[in-house]
Amino acid sequence: MESEGKPYAIVNSSNIVTSVVLWDGNTSTWSPESGTCVGIDTDFYEYVGIGMTYNSGGTGIGTTSSNKWIVP
(Lines give C-alpha, C1' and ligand atoms only; values in the text may rest on other atoms or scores of the structure.)
Protein backbone atom coordinates (compact mmCIF):
# COMPACT_ATOMS: atom_id res chain seq x y z
CA MET A 1 0.00 0.00 0.00
CA GLU A 2 1.28 3.46 -0.91
CA SER A 3 2.21 5.46 2.20
CA GLU A 4 3.70 8.52 0.56
CA GLY A 5 2.45 10.79 -2.17
CA LYS A 6 -0.18 13.35 -2.96
CA PRO A 7 -3.84 12.58 -2.22
CA TYR A 8 -6.19 12.10 -5.18
CA ALA A 9 -9.89 11.33 -5.51
CA ILE A 10 -11.00 8.89 -8.20
CA VAL A 11 -14.32 10.09 -9.61
CA ASN A 12 -16.78 8.38 -11.95
CA SER A 13 -18.57 9.93 -14.95
CA SER A 14 -21.14 11.49 -12.59
CA ASN A 15 -18.34 13.18 -10.57
CA ILE A 16 -18.99 10.94 -7.57
CA VAL A 17 -15.87 9.96 -5.57
CA THR A 18 -15.37 6.19 -5.79
CA SER A 19 -11.96 5.99 -4.12
CA VAL A 20 -9.30 8.12 -2.43
CA VAL A 21 -5.64 7.25 -3.01
CA LEU A 22 -2.13 8.47 -2.26
CA TRP A 23 -0.07 8.56 -5.45
CA ASP A 24 3.56 9.53 -5.95
CA GLY A 25 2.91 10.57 -9.57
CA ASN A 26 4.95 7.71 -11.01
CA THR A 27 3.03 6.62 -14.12
CA SER A 28 5.22 3.53 -14.53
CA THR A 29 3.67 2.03 -11.37
CA TRP A 30 0.09 3.33 -11.81
CA SER A 31 -1.77 5.70 -14.05
CA PRO A 32 -5.41 6.73 -13.61
CA GLU A 33 -7.77 6.88 -16.54
CA SER A 34 -7.86 10.33 -18.10
CA GLY A 35 -10.25 12.72 -16.37
CA THR A 36 -10.96 10.43 -13.44
CA CYS A 37 -8.27 11.48 -10.99
CA VAL A 38 -8.59 14.77 -9.10
CA GLY A 39 -5.86 16.11 -6.84
CA ILE A 40 -7.00 16.92 -3.31
CA ASP A 41 -5.60 19.95 -1.51
CA THR A 42 -3.83 18.59 1.57
CA ASP A 43 -5.93 20.95 3.73
CA PHE A 44 -9.04 19.00 2.64
CA TYR A 45 -7.58 15.48 2.39
CA GLU A 46 -9.08 14.19 5.62
CA TYR A 47 -12.53 15.50 4.65
CA VAL A 48 -12.92 14.03 1.14
CA GLY A 49 -14.50 10.59 0.98
CA ILE A 50 -16.28 8.01 -1.11
CA GLY A 51 -19.75 9.11 -2.17
CA MET A 52 -19.01 12.83 -2.21
CA THR A 53 -19.57 14.82 -5.41
CA TYR A 54 -16.70 16.72 -7.04
CA ASN A 55 -17.56 20.23 -8.25
CA SER A 56 -14.54 21.69 -10.07
CA GLY A 57 -15.81 25.26 -9.74
CA GLY A 58 -16.28 25.11 -5.99
CA THR A 59 -14.33 26.63 -3.15
CA GLY A 60 -14.27 24.03 -0.37
CA ILE A 61 -16.19 21.24 1.35
CA GLY A 62 -19.89 21.36 2.13
CA THR A 63 -23.44 20.69 1.04
CA THR A 64 -23.95 23.55 -1.45
CA SER A 65 -23.08 23.61 -5.14
CA SER A 66 -20.54 26.42 -4.60
CA ASN A 67 -18.33 23.98 -2.71
CA LYS A 68 -15.69 21.83 -4.39
CA TRP A 69 -16.44 18.61 -2.45
CA ILE A 70 -20.16 18.17 -1.81
CA VAL A 71 -21.37 15.92 0.99
CA PRO A 72 -24.22 13.60 -0.10
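For the structure itself, look to the data block above.
A.B. asks: Kindly report on the nonpolar core, identifying the contributing residues and their values.
C.D. replies: Grouped together as the largest cluster of nonpolar side chains are nine residues: Ala 9, Val 11, Val 17, Val 38, Ile 40, Val 48, Met 52, Tyr 54 and Trp 69. Contact partners of Val 11, with chain neighbours within four places excluded, come to Ile 16, Val 17, Thr 18, Gly 35, Thr 36, Val 38 and Tyr 54.

A.B. asks: I'd like a rundown of the sheet that holds strand S1 (residues 6-11), residues and numbers included.
C.D. replies: Here we have three strands laid out as an open sheet, ordered S2-S1-S3, and antiparallel in their pairing. The sheet is open, and its two edges are formed by strand S2 (17-23) and strand S3 (37-39), each paired on a single side. Pairwise comparison of adjacent strand axes, ignoring direction, gives a mean angle of 30° for this sheet. Two strands pair when backbone bridges link them, and S1 and S2 are joined in this way by six bridges, in the antiparallel orientation. Paired with Ala 9 across the two strands is Val 20, which belongs to S2.

A.B. asks: I'd like to hear about the sheet that holds strand S5 (residues 61-62), residue by residue, with values.
C.D. replies: The three strands are arranged S4-S6-S5 in an open sheet whose pairing can be described as mixed. Of all strands in the sheet, those with a lone pairing partner are strand S4 (53-54) and S5, marking the two edges. Judged from the two bridges that link them, S5 and strand S6 (residues 69-70) form a sheet pairing that is parallel. Bridging from a neighbouring strand, Ile 61 pairs with Trp 69 of S6.

A.B. asks: Residue-level account of the packing of aromatic side chains, with values.
C.D. replies: Across all of its chains, the model carries three aromatic pairs by this definition. Relative to Trp 23, the ring of Tyr 8 has its centre 5.3 Å away and its plane inclined at 65°; by these criteria the two rings are edge-to-face. With Tyr 8 in strand S1 and Trp 23 in strand S2, this pair connects stretches of sequence that are 15 residues apart. With respect to burial, Tyr 8 and Trp 23 carry one shared label: buried. Judged by centre distance (5.2 Å) and plane angle (90°), the ring pair of Trp 23 and Trp 30 falls under edge-to-face. An aromatic cluster is defined as three or more aromatic residues linked by ring pairs; in this entry it consists of Tyr 8, Trp 23 and Trp 30. The cationic tip of Lys 6 hangs over the ring face of Tyr 8; the distance from NZ or CZ to the ring centre is 5.1 Å.

A.B. asks: Explain the side chain of Thr 36 to me, and be specific about the residues and the numbers.
C.D. replies: Counting through the fold element by element, Thr 36 comes out in the loop between S2 and S3. The exposure class of Thr 36 is buried, given its relative accessible area of 18%. Contacts of Thr 36, omitting those with residues within four sequence positions, involve Ala 9, Ile 10 and Val 11.

Quick notes on the rules
Residues numbered from 1 in each chain as written. Predicted model: local features only at pLDDT ≥ 70, side-chain atom pairs only at ≥ 80, totals over all residues. Heavy atoms only, no water. Core = buried A, V, L, I, M, F, W, Y, C linked by side-chain atoms within 4.5 Å. Buried < 20%, exposed > 50% of the residue type's maximum accessible area, 1.4 Å probe, protein only. Contact = heavy atoms within 4.5 Å. Pairing = 2+ DSSP bridges. Helix = DSSP H or I, 4+ residues; strand = E, 2+ residues; numbered from the N terminus. Axes fitted to C-alpha atoms, helices over the stretch in contact; angles between N-to-C directions. Phe/Tyr/Trp six-rings, centres within 6.5 Å; stacked < 30°, edge-to-face > 60°. Lys NZ or Arg CZ within 6 Å of the ring centre and 35° of its normal.

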